[in-house]
Amino acid sequence: ENDDYVLQDKVQWQTLLPAQKLQADHEHDYAEEVNMIQGATHVRLNIFPDGGISRLRLFGKIKN
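Residues numbered from 1 in each chain as written. Predicted model: local features only at pLDDT ≥ 70, side-chain atom pairs only at ≥ 80, totals over all residues. Heavy atoms only, no water.

**Points about the overall build of the chain**
Selection rule: A run of H or I in DSSP counts as a helix once it spans at least four residues, and a run of E counts as a strand once it spans at least two, with each numbered from the N terminus. Note on exposure labels: buried denotes an accessible area under 20% of the residue type's maximum, exposed denotes more than 50%, and partly exposed covers the range between, all computed with a 1.4 Å probe on protein chains only. Two residues form a contact once any of their heavy atoms are found within 4.5 Å. Values of accessible area rely on a 1.4 Å probe in the Shrake-Rupley scheme; residue burial ignores everything except the protein chains shown.
Scanning the chain for helices and strands turns up one helix and zero strands. In terms of overall dimensions, the chain has a C-alpha envelope of 35 × 25 × 20 Å along the principal axes. Burial status across the chain gives 3% buried among its 64 residues. In the chain, once contacts between residues fewer than 6 apart in sequence are set aside, the share between residues at least 24 apart is 26%. Of the roughly 6,800 Å² of accessible surface on the chain, 48% is carried by carbon and sulfur atoms.

Structural data, given as structure tokens:
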């Protein structure tokens, strides 16, 4: 999708990773929990309740 569509929230988001419980001061690694989708150009992170997060790292493969 075009960045303008994403910034205006005019895209249909798909769930890549269902809601997960998190722990403070802990590194979380999710592999088995990830939903397989065709491809992603952008990722949105929702935190409930609103809390802090120090880093989000995503790993994938570039498809042509």
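The rest of the description comes next.
**Structural notes on a nonpolar patch on the surface**
Defined as follows: Excluding any residue in a salt bridge, patches collect residues exceeding 30% relative accessible area, merging like charges within 9 Å and nonpolar Val, Leu, Ile, Met, Phe, Trp and Tyr side chains within 5 Å. A side-chain nitrogen of Lys or Arg and a carboxyl oxygen of Asp or Glu constitute a salt bridge if their distance falls within 4 Å.
Together, Leu16, Leu17, Val43, Leu45, Ile53, Leu56 and Leu58 make up a nonpolar patch on the protein surface, roughly 580 Å² of accessible area in all. Along the chain, leucine 56 falls in the segment after helix H1 (3-7). For leucine 56, a relative accessible area of 46% gives the class partly exposed.

In short, the description is geometric, and any link to function would need to be established separately.
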